Amino acid sequence: MAEAAIAAGRPPESVSILPVTKGFPSEKLRDIVDAGFQAVGENRVGEAEAKRDLIPDLDVSYHMIGHLQRNKAATAIRVFDRIDSVDSVRLARRLDTVGASSERPAIPVLVQVNASGETSKGGLPIDDAVGTIRSICELDGLRVQGLMTMAPIDADDRRLHEIFGSVRTCLELCREHIAGFEGSELSMGMSGDFEIAIAEGATQVRLGTVLLGERR
Ligand SMILES: *Cc1c(COP(=O)(O)O)cnc(C)c1O
């Protein structure tokens, strides 16, 4: 990861790793924290909730990186410290409402955008994302910290540059066109494509396999 940052002319500290612990048992989270990480990514509410209950004393932040159903919003804001996969205004509104009723401070979120047009990938279509992100930013109960994306696994390098580059451009447009927008996080890149994501400006890469081994 540091090599990829240096090759892109960026300081290695400008990119963080989010270890993705889905499919791994809770003991793995202890190892990860012992190794110096402060946050992990999980893609299911129930699995993350079970791990939190098993290791309640562990000082680690949980990030939701999978599709979140609106009927699980209330549990999700109890279990997760940040929702990195807000992919619709309806979900954002639901989080805003359940957050307000539990009187918690604004919920940190990333907005997930879909830059590949692949329908199996979640996220707001990137072409008109800025207007939608503006509506999400108007909700007092959420604090939009940046954008998240997933690229198709079969994309070649050129296409990956295009996809990640367009997400970086989208973040720049948000900063330019949405009053008060302060998001700066770009969560993009996984085991198979993180070097290209870093070359295109990722500030956080989500690593499972390459960091922790194969999932069961
Ligand atoms: C599983 C997952 C990852 C990590 O995938 P690896 O290829 O194992 O690094 C990253 N992001 C999301 C959203 C995931 O679901």
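Everything in this summary refers to the structure shown in the same document. The structure displayed is predicted, hence computed values, not measured ones. (Residues numbered from 1 in each chain as written. Predicted model: local features only at pLDDT ≥ 70, side-chain atom pairs only at ≥ 80, totals over all residues. Heavy atoms only, no water.)

### A few points about the site of the ligand
Reasoning step 1: Residues in contact with the ligand, as listed here, are V20, K22, I65, M150, M190, S191, R206, L207, G208, T209 and R215.
Reasoning step 2: Within the contact set of the ligand, an oxygen atom lies 2.5 Å away from a side-chain nitrogen or oxygen of S191.
Reasoning step 3: Within the complex, the protein chains bury 91% of what would otherwise be the 390 Å² of accessible surface of the ligand.
Reasoning step 4: Taken together, the residues of the shell around the ligand break down into five nonpolar, three polar and three charged. (Near = heavy atom within 4 Å. Polar contact = N/O pair within 3.5 Å; in protein donor to acceptor, adjacent residues only side chain to side chain. Areas by Shrake-Rupley, 256 points an atom, 1.4 Å probe, with all protein chains shown as cover. Nonpolar A, V, L, I, M, F, W, Y, C, P; charged D, E, K, R; others polar.)

### A closer look at helix α7 (residues 157-177)
Along an α-helix, residues three or four apart share an orientation, since each turn contains 3.6 residues.
Reasoning step 1: Compared with an ideal rise of 1.5 Å per residue, which puts 21 residues at 30 Å, α7 spans 30 Å between its outermost C-alpha atoms and is within 8% of the ideal.
Reasoning step 2: By the burial criterion, the buried members of α7 are L160, I163, F164, G165, V167, C170, L171 and C174. (Helix = DSSP H or I, 4+ residues; strand = E, 2+ residues; numbered from the N terminus. Expected span 1.5 Å × (residues − 1). Buried < 20%, exposed > 50% of the residue type's maximum accessible area, 1.4 Å probe, protein only.)

### Digging into the side chain of S85
Reasoning step 1: You can see S85 is positioned in strand β4 (residues 82-86).
Reasoning step 2: A polar atom in the side chain of S85 sits 3.5 Å from the backbone oxygen of M64.
Reasoning step 3: Setting aside residues up to four positions removed in sequence, S85 forms contacts with M64, I65, G66, L91, L110, Q112 and M148. (Contact = heavy atoms within 4.5 Å.)

### A word on the state of the cysteines
Reasoning step 1: In total, this model carries zero disulfides according to the counting rule given.
Reasoning step 2: Here C170 stays free of any disulfide, with the sulfur of C174 as its closest cysteine sulfur at 4.5 Å.
Reasoning step 3: C170 sits in the buried class, given a relative accessible area of 3%.
Reasoning step 4: Taking the relative accessible area as the measure of exposure, C174 reaches 0% and is therefore buried. (Disulfide = S-S within 2.5 Å.)

### Some thoughts on the pattern of salt bridges
Reasoning step 1: For the coordinates displayed, the defined rule picks out 11 salt bridges.
Reasoning step 2: Note that D57 is salt-bridged to R30, the shortest N-O span being 3.5 Å. Of this pair, D57 sits in the loop between α3 (45-54) and β3 (61-64) while R30 sits in helix α2 (residues 26-34), and the two are 27 residues apart along the sequence.
Reasoning step 3: Taking the shortest distance from any N to any O, the salt bridge between R158 and E162 comes out at 3.8 Å. Here R158 and its partner E162 are both found in helix α7, four residues apart, which amounts to about one turn of the helix.
Reasoning step 4: Each of E42, E47 and K51 takes part in one network of salt bridges that share partners. (Salt bridge = Lys/Arg side-chain N within 4 Å of Asp/Glu carboxyl O.)

### Some remarks on the pairing of strand β7 (residues 142-149)
Reasoning step 1: The buried count for β7 comes to six of eight residues, which makes it a mostly enclosed element.
Reasoning step 2: Where β7 and strand β8 (residues 185-187) come together, three bridges link them in parallel fashion. By the bridge assignment for β8, G146 is matched with E185.
Reasoning step 3: Handedness of the crossover joining β7 and β8 through α7: right-handed. (Pairing = 2+ DSSP bridges. Right-handed = clockwise from strand over helix to strand, strands pointing away.)

### Notes on unusual backbone geometry
Reasoning step 1: Even without being glycine, E103 reaches a positive phi, approximately 50 degrees.
Reasoning step 2: Topologically, E103 is positioned in the loop between α5 (89-101) and β5 (107-114).

Any link to function would need more than the numbers given here.
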